[in-house]
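Notes for the structure review
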Amino acid sequence: MLNYGFLTALALLCVMPLIHLFAVSFSSNSAATAGEVFLWPVEFTTKSYEFVLTESAFMNAMGVTLLRVLLGVTINMTITILVAYPLSKDAKALAGRTIYVWIFVFTMLFSGGIIPMYMTMRFLGLLDTIWVLVLHTAVPVFNIVILLNFFRNLPKELEEAALIDGAGHWRIMWGIFVPLSSASIATVTLFSIVMHWNAWFDGILFMNSPDHYPLQSYLYTVVVGIQSIINSSTDMEVLAMVSDRTARAAQLFVGSIPVLLVYPLLQRHFTKGIVLGSVKE
């Protein structure tokens, strides 16, 4: 009972900031400014959301992020599966397997740094394009390690039977290993979605124009200077009902909705996938 009480209290502490943000976003300018809002909207209004959803910069940033997630997750998962499958074999089946694995692990421990990465992207001509946001994170080594360990836990008899029947490794990978690894694949897909959706620093680093910022990079600039956006509005009703605090809360909440919708769909696979993919028997 004590454990249930502690975990319930901990869960409430995690959820309360989101509820407070939600309440502020639906409250009036005066109530939010006066600090009267806690867990329930005061002087309920939807003006902040009307302001956010008609703000062209916000919608443009949302579009950039959706495109980034679509391209990034597709590239991440394709490379993850294509790399994890051969690395899941033993040294007899893949010569030099241990060397290849350590090369990937090395990149998890050491990095060239921001300046070499920026210079590489500039040399390739990728700056200020959507590709710079997805290609520098195209090989998620942590996800590869999880998936290759999951592949290694699958019965070897399945592969041997397929080889006897004349199937090649390409058919075995997509026809046997991938369908049987739905839990682990769902887990690493969730990791990839959250990583691309929450990334903000690379947008500011690689994009020369704010018009090309992904959503989280745009929200970072909003948190710093949204008052200038509101002051530029000529709608007096907006100026009366929307403040920097309510507009910021609305934008942050709208920005978190996609992840809140996707996570419950994949959550049932999360525990099984992370456990089975992290331990090699």
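Below is a summary of the structure that appears in this document. (Residues numbered from 1 in each chain as written. Predicted model: local features only at pLDDT ≥ 70, side-chain atom pairs only at ≥ 80, totals over all residues. Heavy atoms only, no water.)

Further remarks concern a nonpolar patch on the surface. Together, Phe6, Leu7, Leu10, Leu12, Leu13, Val15, Met16, Ile19, Phe38 and Leu39 make up an exposed nonpolar region whose accessible area comes to about 930 Å². In this structure, Phe38 sits in the loop between helix H2 (29-33) and helix H3 (47-53). With a relative accessible area of 52%, Phe38 lands in the exposed category. (Patch = residues over 30% accessible without salt bridge, like charges linked within 9 Å, V, L, I, M, F, W, Y side chains within 5 Å. Areas by Shrake-Rupley, 256 points an atom, 1.4 Å probe, with all protein chains shown as cover. Salt bridge = Lys/Arg side-chain N within 4 Å of Asp/Glu carboxyl O. Helix = DSSP H or I, 4+ residues; strand = E, 2+ residues; numbered from the N terminus. Buried < 20%, exposed > 50% of the residue type's maximum accessible area, 1.4 Å probe, protein only.)

Another aspect to go through is unusual backbone geometry. In this model, Glu43 sits at a positive phi of 55°, which is unusual for a non-glycine residue. Note on placement: Glu43 falls in the loop between H2 and H3. Phi at Asp128 takes a positive value of approximately 65°, unusual for a residue other than glycine. Within the secondary structure layout, Asp128 lies in the loop between helix H6 (114-123) and helix H7 (131-135).

Turning our attention to the packing of aromatic side chains. Throughout the structure, instances matching the rule amount to 12 aromatic pairs. Look at Phe106 and Phe110: their rings are 4.9 Å apart centre to centre, the planes differ by 35°, and that puts the pair in the tilted class. Here Phe106 falls in the partly exposed class, since its relative accessible area comes to 48%. Relative to Phe206, the ring of Tyr118 lies with its centre 6.3 Å away and its plane at 5°, an arrangement referred to as stacked. On the criterion of sequence distance, the pair formed by Tyr118 in helix H6 and Phe206 in helix H12 (residues 201-206) is long-range, its members being 88 residues apart. One aromatic cluster in this structure is built from Phe22, Phe26, Phe44 and Tyr49. (Phe/Tyr/Trp six-rings, centres within 6.5 Å; stacked < 30°, edge-to-face > 60°.)

This part takes up the side chain of Asn76. Secondary-structure assignment places Asn76 in helix H4 (residues 56-87). With relative accessibility at 0%, the residue Asn76 sits in the buried group. When near neighbours in sequence (up to four residues on either side) are disregarded, Asn76 contacts Thr137, Ala138, Val139, Pro140, Ser192, Met195 and His196. (Contact = heavy atoms within 4.5 Å.)

The next subject is the pattern of salt bridges. Pairing between side chains becomes possible if they bear opposite charge and their charged atoms approach one another. Applying the stated criterion to the full structure yields two salt bridges. Lys89 serves as the salt-bridge partner of Glu159, at 2.8 Å between the closest nitrogen and oxygen. With Glu159 in helix H9 (residues 156-164) and Lys89 in the loop between H4 and helix H5 (97-109), the pair connects residues that are 70 residues apart, well separated along the chain. Looking at Glu159, the relative accessible area reads 14%, which means it is buried. Residue classification places Lys89 among the buried residues on the basis of a relative accessible area of 10%.

Here the focus is the packing of helix H8 (residues 141-153) against helix H11 (residues 182-198). One can describe the packing of H8 onto H11 by two numbers: an axis separation of 10 Å at closest approach and a directional angle of 175°. As judged from the angle between their axes, H8 and H11 are roughly antiparallel. For the pair H8 and H11, contact is made by Phe142, Asn143, Ile146, Leu147 and Phe150 and by Ser184, Ile185, Val188, Phe191 and Ser192, respectively. Residue composition of the contact of H8 with H11, grouped by class: seven nonpolar, three polar and no charged. (Axes fitted to C-alpha atoms, helices over the stretch in contact; angles between N-to-C directions. Parallel < 35°, antiparallel > 145°, perpendicular 65-115°, else oblique. Nonpolar A, V, L, I, M, F, W, Y, C, P; charged D, E, K, R; others polar.)

We now examine the packing of H4 against helix H10 (residues 169-180). Between H4 and H10, whose axes approach to 11 Å, the crossing angle comes to 105°. Between H4 and H10, the crossing angle belongs to the class labelled roughly perpendicular. Together, Ile81, Leu82 and Tyr85 of H4 and His169, Trp170, Ile172, Met173, Trp174, Phe177 and Val178 of H10 make up the contact between the two elements. Its residues assigned to classes, the contact of H4 with H10 comprises nine nonpolar, one polar and no charged.

With respect to the helices and strands, the residue Ile185 is situated in helix H11. Along the primary structure Ile185 and Thr80 are separated by 105 residues, whereas in three dimensions their C-alpha atoms are 9.3 Å apart.

In an α-helix, one turn spans 3.6 residues, which is why side chains three or four residues apart end up on the same side. End to end, H10 covers 15 Å across 12 residues, agreeing with the expected 16 Å (1.5 Å per residue, within 8%). Listing the buried residues of H10 in full gives Ile172, Met173, Phe177 and Val178. End-on view of H10: buried residues confined to an arc of 145°, all on one side of the axis. Taken together, the buried residues of H10 touch H4, H8, H9 and H11. (Expected span 1.5 Å × (residues − 1). Arc of directions from axis to C-beta.)

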